[in-house]
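Overview (structure and organization)
The residues making up each chain are set out below.
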Amino acid sequence: MYYFRIKTNRDAYWGRPGPTLSVTGYSDLQVQVSRSGSSTLLQCLSSCPPGHTSYIWSKNGQEVKEDTSPYADFRYGSADSYSCALKGLEDFPSPSVYSPKPPSVSVSPSEREEGSSVTLTCSSDANPAANYTWYKRDVVHLSSVNEGPHLVFSSIQSSDSGQYYCTAENKLGVKTSSNISIDVKYAPKPPSVSVSSSEIEEGSSVTLTCSSEANPAASYTWYKEDEVHLSSVNERSRLVFSSIQSSDSGQYYCAAENKLGVKTSNNISIDVKYAPKPPSVSVSPSAEREEGSSVTLTCSSDANPAANYTWYKEDEDSPKASGQIFNITEFRAEDRGSYSCGAQNQLGRSNSTFHQIGVGTGGSWKLPAALTIPVVLLAVISLSVFLWIRRKRASRDSSEPEERADIREEPEQQNDLQYASVHFSNNRADPLYSNMRAARPLGHTEQQNDPQYASVHFSNNRADPLYSNMRAARPLGHTEQQEVPDYAAVKFSRAAPRTRGQDPGEDPAALYSTVNKSH
C-alpha cells in the first residue's frame, strides 16, 4: 500500500489510504505431473498470464528447453528429475519432480512374539509423494489409509511370519524395497505323535516320532505312563526301539518345550505282540487223589494276543482236550499218565513239560477194610508162636537157680525192653515183599485191588509211644541171655470214613494195628 504526506510550515497531511501493489514472483512456480494413458505430462504452473513470459525447463539441473508454452513435450526418464523457471528469473526455479527413490523398510519392535503388535514402515523420497503397497511373497497387503506407508499387525500370529517388501510409486515411476524377514516367536503347538508300524511284534524295530511347530525350535522329552523315557537316538524328537520287547508295551506321550512354553501330546498306545511263553500247568487238588475223584488241570501262558490251549497225554497222538482248563470228572486207572499243554497264537507256539498225574501218591497209606481183620489176626498168631518159642526156651533153662537169683538181685540191669511193631504196606517194591505172602483179600471192591503185606519191626526204644500202653509179662525161667522180660501188645485205631465203592456191610472205618513185642 502506497500513500503520500503534505507538509507545510503550519501542519502535515497524509494521503491515506493509498493504492496497493501485489508482485508475483518465483515462489509461485511448481511443476504439475499428469498421465495420459502410458504418457507422462509435465506442466509449469505460474500466476503469470500465458503469453507474457517464456518458460525454461531443466533436466537434472541442466537447461534442456525454452518455450512460451508451459508444457514440456520431451521424453522423460524415471531416474531423472525436472524443474521449470521463468525467463529472466532462472535463479529461482520450481521444486524438482522425480520418481520415488528405492524405499527402505523398518520393523518395530525388534523381538516379535505371537500376539504382540508389530508395525512395518516403508519410506521413499519422491515428488510428487509416493503411494505404498506391501507384499508378502506373492500376496498383496495394502496399508491402511490412516497409517499411510505403515503395515500394522495388532496381534501378529505365527502364520504372519515370512518375507515382506514394499513398493513406492508416483506418476513418474515406481521403486521396490529389499526384502525384510518377519520371524514371529511362539510357544510349541500341541505335538503330534506317530509310530512307524501299525502292527508291532516283539523283536522288531519301532520308531516313535514327536513333531510340533515352535519358534524357536522345541526340544522333546518322551514319557511312558508319567515316567521319563529318554530317546536312544540323537534326534530327541524320535524314540527308537531297535528290538522292542513285551515289557515296552504301554501308553506313551511326548512334551515339546522352548523358552516361550511347553505343550504335551495325546497318548499313543504301544501294544507289542508276542508268541506264547512256555506254559505252566497246575493240578487241583494238588494232594493225593483217589479213583473216581475230580481232577482239574489248568494251563497258563503269557501271550499277546491271548493263546489257545490244547491238552495232550504222553504216548497218544491225538489231543485230549482244548481250552485253558481240562477237567477229569471221574479219575480212572486209565487216566493215569503224563499230561502237557500247548499254547498257540498267530505268532508262534510253546509247549509245557509233561506233568505226571497218578492215584494215591504222596499221601498216607490206607488199608482196605476187607483186609484189616485177616491181616491183624495173622500178625497176632505169628507173634503168639514167637512168644511160645521164647517161653519154651525159658522153661528149659529154669534149672539154673543161682543164675535166676542173680537176676532177681539185679533188677536194675533189666532195662532194655524190646518192642515189635507190625508194618503194613501196599507197595510191591517194599523189600519185605519178597519174604511175604499176600493174605487173601475178603470182600473186594473195585478199589481194593492191591494186596496188603505186613512186616515185624523190633525196637528197644522206651520212647516208643506204644510203650506207655504195655504191661510187662511175668518172666518165665530166664537164662543168662534172657535178661529182660517179654512184652506184647496190639494197638488198633480207626481211619477216615470208608471210601466210595466200599461194601456197605463192612466196617465204615478201616482198622490199623501196631503190634509191639519186647523181652
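Residues numbered from 1 in each chain as written. Predicted model: local features only at pLDDT ≥ 70, side-chain atom pairs only at ≥ 80, totals over all residues. Heavy atoms only, no water.

Considering the overall build of the protein
The helix and strand inventory of the protein stands at two helices and 39 strands. When contacts within the protein are restricted to residue pairs at least 6 apart in sequence, those whose partners lie at least 24 apart make up 62%. (Helix = DSSP H or I, 4+ residues; strand = E, 2+ residues; numbered from the N terminus. Contact = heavy atoms within 4.5 Å.)

Notes on a nonpolar patch on the surface
A cluster of nonpolar side chains, Ile381, Val385, Trp388 and Ile389, forms an exposed patch at the surface whose accessible area comes to about 430 Å². Looking at the secondary structure, you find Ile389 in helix α1 (residues 369–396). (Patch = residues over 30% accessible without salt bridge, like charges linked within 9 Å, V, L, I, M, F, W, Y side chains within 5 Å. Areas by Shrake-Rupley, 256 points an atom, 1.4 Å probe, with all protein chains shown as cover. Salt bridge = Lys/Arg side-chain N within 4 Å of Asp/Glu carboxyl O.)

Side note on the pattern of salt bridges
Under the criterion given, the structure shown has 10 salt bridges. We note a salt bridge from Lys185 to Asp183, for which the minimum N-O separation is 3.1 Å. With relative accessibility at 32%, the residue Asp183 sits in the partly exposed group. Among the ionic pairs, Arg332 bridges to Glu330, the shortest N-O distance being 2.6 Å. Accessibility expressed as a relative area gives 25% for Arg332, which makes it partly exposed. Residue classification places Glu330 among the partly exposed positions, given a relative accessible area of 36%. (Buried < 20%, exposed > 50% of the residue type's maximum accessible area, 1.4 Å probe, protein only.)

Focus on the sheet that holds strand β11 (residues 118–123)
As summarised here, the arrangement of the three strands in space is β10-β11-β14, forming an open sheet in which the pairing is antiparallel. Sheet topology places β10 (104–108) and β14 (150–153) at the edges, where each strand pairs with a single neighbour. Averaged over all adjacent pairs, the angle separating strand axes in this sheet is 10°, with direction ignored. Inspection of the sheet shows β10 paired to β11 by five bridges, in the antiparallel sense. (Pairing = 2+ DSSP bridges. Axes fitted to C-alpha atoms, helices over the stretch in contact; angles between N-to-C directions.)

Brief notes about the state of the cysteines
A complete count under the given rule lists four disulfides for this structure. Each disulfide pairs two cysteine sulfurs, and for Cys299 the partner residue is Cys341, the sulfurs being separated by 1.9 Å. Since a negative S-S torsion denotes a left-handed disulfide, the Cys299-Cys341 link at about 55° is right-handed. Placement of Cys299 in strand β29 (residues 295–300) and of Cys341 in strand β33 (residues 337–345) is noted, with a sequence separation of 42 residues between them. For the residue pair Cys299 and Cys341, the accessibility class agrees, reading buried in each case. Assigning the bonded cysteines of the protein consecutive numbers by sequence position, one obtains the connectivity 1-2, 3-4, 5-6, 7-8. (Disulfide = S-S within 2.5 Å.)

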